[in-house]
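Spelled out from the first residue to the last, the chains are:
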Amino acid sequence: MEIYKFELTPADRKSTIDFESIEQDYRLFSDAANNCNMGVSFRRDGKQIKIDHIAPACICLTLTSTSPLSAPKRTLSAFSRELLRLDKQRGLLSDSVYNHTLFNTNFMDVSETGKISVNDISNAELLKNMVNLLYTPWIENEKERITVIDEIKKILLPYISETYNHTGKKD
């Protein structure tokens, strides 16, 4: 798993915006991060945004990904778009925008956690991910999804055939 740390500051350096009070009053940044995390592309690609700290003039956040990202700053554009969408009617963030940009993004750190092993996966996580695999379409990787499902069926076939007779009905 790749871990990217960022510090976001207002794109307009003359801005007096207070990110901390906006979060306390409206939960705008937390809601935007949650919406991004629940999005199809974030779930499909194993990405997640976590807000570490919000100060008056900066937001520190962590972006995690199950695989290395070629342009991790670009992934944060989804967060900016979601913030602007949520703030459309209130206009709380308009003072921060400069040249059609909401944030100056400072890349702070990148690290990699150890690879996940079979022993790290709980039965509940396994079941949840198998249900997602079976019932959540992967539009871009549908062929890969079908291949993975077929491989799982091959692995489970001996266990399934023990409980079914040749007609396909349970004994």
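In case you missed it, the structure is sitting above this.
Our subject in this report is the structure included herewith. Bear in mind that the values here come from a model prediction, so they are computed numbers and not experimental data.

Reading across from one edge, E2-E3-E1-E4 is the order of the 4 strands in this open sheet, with antiparallel pairing throughout. For this open sheet the edge positions go to strand E2 (47-55) and strand E4 (103-112), each flanked by a neighbour on one side alone. Here the strands of the sheet are splayed against their neighbours by 20 degrees on average, with no regard to which way each runs. Strands E2, strand E3 (58-65) and E4 of the sheet are contacted by helix H2 (residues 28-38), whose axis makes an angle of about 170 degrees with E2. Contacts from helix H5 (residues 77-86) reach strand E1 (2-10), E2, E3 and E4, with the element oriented near 135 degrees to E4.

Attention now goes to the state of the cysteines. Using the criterion set out here, one finds 0 disulfides in the structure. Not engaged in a disulfide, the cysteine Cys 58 finds its nearest cysteine sulfur in Cys 60; these two sulfurs lie 4.3 Å apart. Taking relative accessible area as the criterion, Cys 58 reaches 15% and is therefore assigned buried.

It is worth spelling out the packing of aromatic side chains at this point. Tallied over the entire structure, the rule returns 5 aromatic pairs. Between Phe 19 and Phe 29, the ring centres sit 5.4 Å apart and the planes meet at 85 degrees, which makes this aromatic pair edge-to-face. A residue pair is termed long-range when its members are at least 10 positions apart, and Phe 19 in helix H1 (residues 19-26) and Phe 29 in helix H2 qualify at 10 residues. Considering the side-chain rings of Phe 79 and Phe 103, the 6.4 Å spacing of their centres and the 10 degrees angle between planes classify their relative orientation as stacked. Within this pair, whereas Phe 79 is found in helix H5, its partner Phe 103 is found in strand E4, the two being separated by 24 residues in sequence. What makes Phe 79 buried here is its relative accessible area of 0%. The buried category is assigned to Phe 103, whose relative accessible area is 6%. Sitting over the ring of Phe 42, Lys 47 keeps its end group 5.2 Å from the ring centre.

With 25 residues, the main nonpolar core has Phe 29, Ile 49, Phe 79, Leu 83, Leu 93 and Phe 103 as its most contacted residues. Of all the secondary-structure elements, those providing two or more residues to this core are E1, H1, H2, E2, E3 and H5. A total of 5 residues in this core trace back to one element, the largest contributor, which is H2. Beyond its immediate chain neighbours, meaning those up to four positions away, Leu 93 contacts Ile 17, Phe 19, Ile 22, Leu 28, Phe 29, Leu 83, Asp 87 and Leu 102.

Conventions adopted
Residues numbered from 1 in each chain as written. Predicted model: local features only at pLDDT ≥ 70, side-chain atom pairs only at ≥ 80, totals over all residues. Heavy atoms only, no water. Pairing = 2+ DSSP bridges. Helix = DSSP H or I, 4+ residues; strand = E, 2+ residues; numbered from the N terminus. Axes fitted to C-alpha atoms, helices over the stretch in contact; angles between N-to-C directions. Contact = heavy atoms within 4.5 Å. Disulfide = S-S within 2.5 Å. Buried < 20%, exposed > 50% of the residue type's maximum accessible area, 1.4 Å probe, protein only. Phe/Tyr/Trp six-rings, centres within 6.5 Å; stacked < 30°, edge-to-face > 60°. Lys NZ or Arg CZ within 6 Å of the ring centre and 35° of its normal. Core = buried A, V, L, I, M, F, W, Y, C linked by side-chain atoms within 4.5 Å.

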